Amino acid sequence: MNDLLAGLMAAIDLIIHLDRDLVEISLRSLQVTVTAVFIASLVGLPFGAWLAVTRFRYRRLAIALLNALMGLPPVVVGLVVYILLSRSGPFGVFNLLFTPTAMIIAQIIIVTPIIASLSHQSMRDLWYLYHDLLISIRTSKWQRMRTLLWDGRRSLLTATLTGFGRAIGEIGAIMIVGGNIDHLTRVLTTAIALEVGKGNFPLALGLGIVLIAMAILINLAIHILSRTEREGTW
Amino acid sequence: MVDSILPVVLDQAIVRKEGRQIVGPLNLTFGREGGCSILVGPNGAGKTTLLRLMHGLERASEGRVTWSARKDTVYARQSFVFQAPVVLRRSCLENIAYPLFVRGVQREKARAEAAKWIEDIGLAEVAHNDAHVLSGGEKQKLAMARALITKPDVLFLDEPTANLDGASTQEIERLIASAVQSGTRIVMATHDFGQARRLATDILFMYRGRIHEHAAADIFFGGPATDEAAKFMKGDLLI
Ligand SMILES: Nc1ncnc2c1ncn2[C@@H]1O[C@H](COP(=O)(O)OP(=O)(O)O)[C@@H](O)[C@H]1O
Ligand SMILES: [Mg+2]
């Protein structure tokens, strides 16, 4: 108990004094995750809208597949990306293994199905409401997608934030493809695992507090967004 | 407007849903004479389906619906107001301007045009508020303005006042009357006979998917020719 308390005090001390390692690792986490989530949103959000307004033969199958991809075990994603990027793999020439780019690629693969699926759900609900009007006005498919994406922007932001929450706390894949290299690929989750292993509880706890703070902020933002969504004001 | 997409001709048109024939066969013409044609008839008669069929929201299972212009102009020059108003999640002004945006009208021009309409329907004060907070009557006025902003040749209205109070109904009827004045042909379903009397130039009595009677309004209200229409007007249940 005393150890815990002492560790906590030391952790808070590290945070208050903006410990260099702590700041560096936190910023790298943010950089990797923000980049990955940004790209995943760029792909996933419009794809969800497209899926909502398009009727094609294997639509149901595509949706089922998308939902299944949401449950991809990150460790397996990491393994596959590792194989693809490793020297003997098909993308080995790019020398990306154990770089932040490799971690971003893995996170994109993990998070895009989540964002696309959440996007599809809210776009589908909105399409149900808008359907008759947008058909009546003879909007093109692009106009329909744009209208849904714009009018549903609040729930889409929620989808993006959910993806962010998932990515920032992810460890399995980025440990494998990033390698947890100091000053290069070390991020919050991998650093915590390492510091715990080393018995350096103050730094581990400090990193943990930063991670939790980010998660809480994200959840708060989602909560506020979904409230304004329900009340229809923004 | 020199040209018109009218007349529209229904030729042996039938709509089937789940194997059941719910509308038709119908042979029907709406010409260029202007005015307000009103569909009356009991629930389930097929009024909504007929309006949607003409507007191209339903496909004819058999027969044809033929407009007097090319397909791309035909649908650009007609509008539809649904029984439950569809409101976009944006401001009132943007709701009204939306069809102009879709037609590629410049944003500022579209907004200026919408501003005139929002003035006309008395919602100028809430122009920039989210349209979702409007009352049912205000939403339907918004839908009317959005339908009329494109100056359509034909406006389809599906029981536009079914869920509204007296005051809102009056305002909607004013918009309908002024649309007729400016040359828009109205085809509308209602089950409010008072409304039909006030607005109709001609009445189509619909029952079990067929038009049983089509007559000038004064003639119809002077005494329907068919038993079913007479019973329906007296308030007897038709099954
Ligand atoms: N999508 C559908 N599937 C099956 N039946 C339908 C469908 N839409 C309408 N119907 C049926 O068609 C009939 C006519 O409906 P409708 O056109 O809405 O009548 P009205 O507007 O005169 O009340 C009703 O019996 C209704 O149940
Ligand atoms: Mg109806």
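As the structure is a prediction and not an experimental result, all values here were calculated from the model.

**Observations concerning the overall build of chain A**
Here is step 1: The number of helices and strands found in chain A is 10 helices and 0 strands.
Here is step 2: In sequence order, the secondary structure elements of chain A are arranged as α-α-α-α-α-α-α-α-α-α.
Here is step 3: When its C-alpha atoms are laid out on the principal axes, chain A stretches across 65 × 50 × 25 Å.
Here is step 4: Counting the 234 residues in chain A, one finds 46% classified as buried.
Here is step 5: Pairs at least 24 residues apart make up 74% of the contacts formed inside chain A by residues separated by at least 6 positions.
Here is step 6: Counting only carbon and sulfur atoms, one obtains 70% of the accessible surface of chain A, whose full area is about 12300 Å².
Here is step 7: Side chains of chain A give 19 positive and 13 negative charges; the mean places of these two sets differ by 17 Å.

**Describing the side chain of R59 of chain A**
Residues and elements named next belong to chain A.
Here is step 1: Within the secondary structure layout, R59 lies in helix α3 (residues 59–70).
Here is step 2: The charged side chain of R59 is buried without a salt bridge, its nearest counter-charge being D125 at 9.8 Å.
Here is step 3: A distance of 3.0 Å separates a polar atom in the side chain of R59 from the backbone oxygen of L51.
Here is step 4: Once you skip the residues sitting within four places of it in the chain, R59 turns out to touch L51, A52, T54 and H120.

**Some remarks on the packing of α3 of chain A against helix α5 (residues 100–136) of chain A**
Residues and elements named next belong to chain A.
Here is step 1: Taken N-terminus to C-terminus, the directions of α3 and α5 make an angle of 130 degrees; their axes are 8 Å apart at the nearest point. In terms of their interaxial angle, α3 and α5 are classed as oblique. For the pair α3 and α5, the sense of crossing is left-handed. Where α3 abuts α5, its residues R59, I63, L66, N67, L69 and M70 lie against P113, I114, A116, S117 and H120.

**Things to note about the sheet that holds strand β7 (residues 185–189) of chain B**
Residue and element names in this part refer to chain B.
Here is step 1: Overall, mixed pairing links the 6 strands, which are arranged β5-β6-β7-β3-β8-β9 in an open sheet. Bordering the open sheet on either side are β5 (78–81) and β9 (210–216), each of which pairs with just one other strand. Mean inter-strand twist for the sheet, computed between neighbouring axes without regard to direction, equals 15 degrees.
Here is step 2: Across 4 bridges, the pairing between strand β3 (residues 36–40) and strand β8 (residues 202–207) is parallel. Paired with L39 across the two strands is L204, which belongs to β8.
Here is step 3: Across the sheet, helix α6 (residues 166–181) touches β3, β6 (154–158) and β7, and the angle it forms with β7 is around 145 degrees.

**A few points about a nonpolar patch on the surface**
Here is step 1: Together, V75, V76, V80, L84, F91, V93 and F94 of chain A make up a nonpolar patch on the protein surface, roughly 640 Å² of accessible area in all.
Here is step 2: Tracing the backbone shows V75 of chain A in helix α4 (residues 74–85).

**Some points on the sheet that holds strand β2 (residues 20–30) of chain B**
Residues and elements named next belong to chain B.
Here is step 1: Strand order in the open sheet formed by 3 strands is β2-β1-β4, with antiparallel pairing between adjacent strands. The open sheet is flanked by β2 and β4 (62–66), the only strands paired with a single partner. Pairwise comparison of adjacent strand axes, ignoring direction, gives a mean angle of 25 degrees for this sheet.
Here is step 2: Strand direction decides the pairing type here: strand β1 (residues 8–17) and β2, joined by 7 bridges, are antiparallel. Looking at the pairing, R16 lines up with Q21 of β2.

**So, the site of ligand 1**
Residue and element names in this part refer to chain B.
Here is step 1: For ligand 1, the full set of nearby residues is K17, E18, R20, I22, P42, N43, G44, A45, G46, K47, T48 and T49.
Here is step 2: K17 is positioned such that a nitrogen or oxygen atom in its side chain is 3.5 Å from a nitrogen atom of ligand 1.
Here is step 3: One nitrogen or oxygen atom from the side chain of T49 is found 2.5 Å from an oxygen atom belonging to ligand 1.
Here is step 4: For ligand 1, whose accessible area on its own is 560 Å², the fraction buried by protein is 66%.
Here is step 5: Of all the secondary structure elements, the ones that give two or more residues to the shell around ligand 1 are β2 and α1 (47–55).
Here is step 6: Here the residues of the shell around ligand 1 sort into 3 nonpolar, 5 polar and 4 charged.

**Overview of the UniProt feature "domain: ABC transporter" (unreviewed entry) in chain B**
Here is step 1: If you check UniProt for "domain: ABC transporter" (unreviewed entry), the listed places come out as residues 9–233 of chain B in our numbering.
Here is step 2: The span residues 9–233 of chain B shows a helical share of 40% and a strand share of 25%, and its end C-alpha atoms are spaced 28 Å apart.

**Topic: the interface of chain A and chain B**
Here is step 1: On the chain B side, the residues contacting the 19 residues of chain A number 19 residues.
Here is step 2: Area buried by chain A at its contact with chain B is led by L133, I137 and R138 of chain A, which between them contribute 32% of it.
Here is step 3: Counting the contacts that link chain A with chain B gives 2 salt bridges.
Here is step 4: Between R90 of chain B and D151 of chain A there is a salt bridge, with the nearest N and O atoms lying 2.7 Å from each other.

**Regarding the UniProt feature "domain: ABC transmembrane type-1" (unreviewed entry) in chain A**
Here is step 1: When the UniProt feature table is mapped to this numbering, "domain: ABC transmembrane type-1" (unreviewed entry) covers residues 26–222 of chain A.
Here is step 2: Segment residues 26–222 of chain A splits into 79% helix and 0% strand. End C-alpha atoms: 21 Å apart.

**Focus on the packing of aromatic side chains**
Here is step 1: What the rule picks out here adds up to 12 aromatic pairs over all chains.
Here is step 2: Ring geometry for Y82 of chain A and F98 of chain A: centres 6.1 Å apart, planes at 70 degrees, overall edge-to-face. Taken together, the residues span a long stretch of sequence, with Y82 of chain A in helix α4 and F98 of chain A in the loop between α4 and α5 at a distance of 16 residues.
Here is step 3: With a relative accessible area of 32%, F98 of chain A lands in the partly exposed category.
Here is step 4: Ring geometry for F205 of chain B against F232 of chain B: centres 5.6 Å apart, planes inclined by 45 degrees, an arrangement best described as tilted. In this pair, F205 of chain B is assigned in strand β8 and F232 of chain B in helix α9 (residues 227–234), connecting sequence segments 27 residues apart. For the pair F205 of chain B and F232 of chain B, one class covers both residues: buried.
Here is step 5: Ring pairs connect the aromatic residues F193, F205, Y207, F220, F221 and F232 of chain B, which therefore count as one cluster.
Here is step 6: Sitting over the face of the ring of Y75 of chain B, R138 of chain A holds its NZ or CZ atom 3.7 Å from the ring centroid.
Here is step 7: Across from the ring centre of F101 of chain B, 3.9 Å away, lies the NZ or CZ of R107 of chain B, which sits over that ring.

Procedures and definitions
Residues numbered from 1 in each chain as written. Chains lettered and ligands numbered in written order. Predicted model: local features only at pLDDT ≥ 70, side-chain atom pairs only at ≥ 80, totals over all residues. Heavy atoms only, no water. Helix = DSSP H or I, 4+ residues; strand = E, 2+ residues; numbered from the N terminus. Buried < 20%, exposed > 50% of the residue type's maximum accessible area, 1.4 Å probe, protein only. Contact = heavy atoms within 4.5 Å. Areas by Shrake-Rupley, 256 points an atom, 1.4 Å probe, with all protein chains shown as cover. Lys, Arg positive; Asp, Glu negative; His and termini not counted. Charge placed at Lys NZ, Arg CZ, Asp CG, Glu CD. Salt bridge = Lys/Arg side-chain N within 4 Å of Asp/Glu carboxyl O. Polar contact = N/O pair within 3.5 Å; in protein donor to acceptor, adjacent residues only side chain to side chain. Axes fitted to C-alpha atoms, helices over the stretch in contact; angles between N-to-C directions. Parallel < 35°, antiparallel > 145°, perpendicular 65-115°, else oblique. Left-handed = near helix turned anticlockwise from the far one by under 90°. Pairing = 2+ DSSP bridges. Patch = residues over 30% accessible without salt bridge, like charges linked within 9 Å, V, L, I, M, F, W, Y side chains within 5 Å. Near = heavy atom within 4 Å. Nonpolar A, V, L, I, M, F, W, Y, C, P; charged D, E, K, R; others polar. UniProt positions renumbered as here; feature names shortened; annotations may be inferred. Buried area = accessible area lost by both parts, 1.4 Å probe. Phe/Tyr/Trp six-rings, centres within 6.5 Å; stacked < 30°, edge-to-face > 60°. Lys NZ or Arg CZ within 6 Å of the ring centre and 35° of its normal.

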